[in-house]
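Letter by letter, the chains look like this.
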Amino acid sequence: MMDELYMREALCEAEKAMAEDEVPVGAVIVRGGEVIARAYNTREYGKNALYHAEIKAIDEACKKLGGWRLVGCTMYVTLEPCPMCAGAIVNARVERVVFGAPDHKAGAFGTMLNLTDYPLFKPQITGGVLSEECASILTNFFKNKR
């Protein structure tokens, strides 16, 4: 139940990205029942390959918590993280990741490859939360682009 609630928060972030003509991916980070960070993709506007929702949310959470270890945190993201984002999640010690839609092109938490095999730290992964809604916003975005 809580996973769906926080995934809806991530979907709100994805809608902000779509409104700015960005690929609609949103992320929120939760700790102790409180959303401590929220972000969405801004690669096109920011002209920066690093501006994925997950990376931006990690940056915001680290600043809020005053350190790079996000122990006790759960990230909710509308699309399965890519290798870059999955690596950042592992490095930041995010304990749990909940994603909506699987990414059949670059998903790094089980779909195309699995960075949870990394021996240093293994976050708990839950996929498929509100997957239809998360996939739909992406499908509609790219349909309208074509």
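On a predicted model such as this, the values are computed, not experimentally measured, just so you know.

## With respect to the packing of aromatic side chains
Throughout the structure, instances matching the rule amount to two aromatic pairs. Relative to Phe-142, the ring of Phe-141 lies with its centre 5.1 Å away and its plane at 80 degrees, an arrangement referred to as edge-to-face. The cationic tip of Lys-56 hangs over the ring face of Tyr-40; the distance from NZ or CZ to the ring centre is 5.2 Å.

## Some words on helix H4 (residues 83-91)
Cys-85, Ala-86, Ile-89 and Val-90 are the residues of H4 that are buried. The buried residues of H4 occupy an angular sector of 140 degrees when the element is viewed end-on, so they sit on one face. Tucked into the core, H4 has its buried residues touching helix H3 (53-65), strand E3 (73-79) and strand E4 (96-101). Of the residues one or two after H4, Arg-93 is the one with positive phi, at around 65 degrees.

## What to know about the pattern of salt bridges
As enumerated under the stated definition, the model contains eight salt bridges in all. One salt bridge connects Lys-16 with Glu-13, and the closest N-O pair in it is separated by 2.9 Å. One end of the pair is Lys-16 and the other is Glu-13, both in helix H1 (residues 2-19) and three residues apart, which spans about a single turn. With a relative accessible area of 39%, Lys-16 lands in the partly exposed category. Glu-13 gets classed as buried once you look at its relative accessible area, which sits at 2%. Between Glu-34 and Lys-64 there is a salt bridge, with its nearest N and O atoms 3.3 Å apart. Of the two residues, Glu-34 sits in strand E2 (residues 34-40) while Lys-64 sits in helix H3, which places them 30 residues apart along the sequence. Judged by its relative accessible area of 42%, Glu-34 falls in the partly exposed class.

Basis of the calculations
Residues numbered from 1 in each chain as written. Predicted model: local features only at pLDDT ≥ 70, side-chain atom pairs only at ≥ 80, totals over all residues. Heavy atoms only, no water. Phe/Tyr/Trp six-rings, centres within 6.5 Å; stacked < 30°, edge-to-face > 60°. Lys NZ or Arg CZ within 6 Å of the ring centre and 35° of its normal. Buried < 20%, exposed > 50% of the residue type's maximum accessible area, 1.4 Å probe, protein only. Helix = DSSP H or I, 4+ residues; strand = E, 2+ residues; numbered from the N terminus. Arc of directions from axis to C-beta. Contact = heavy atoms within 4.5 Å. Salt bridge = Lys/Arg side-chain N within 4 Å of Asp/Glu carboxyl O.

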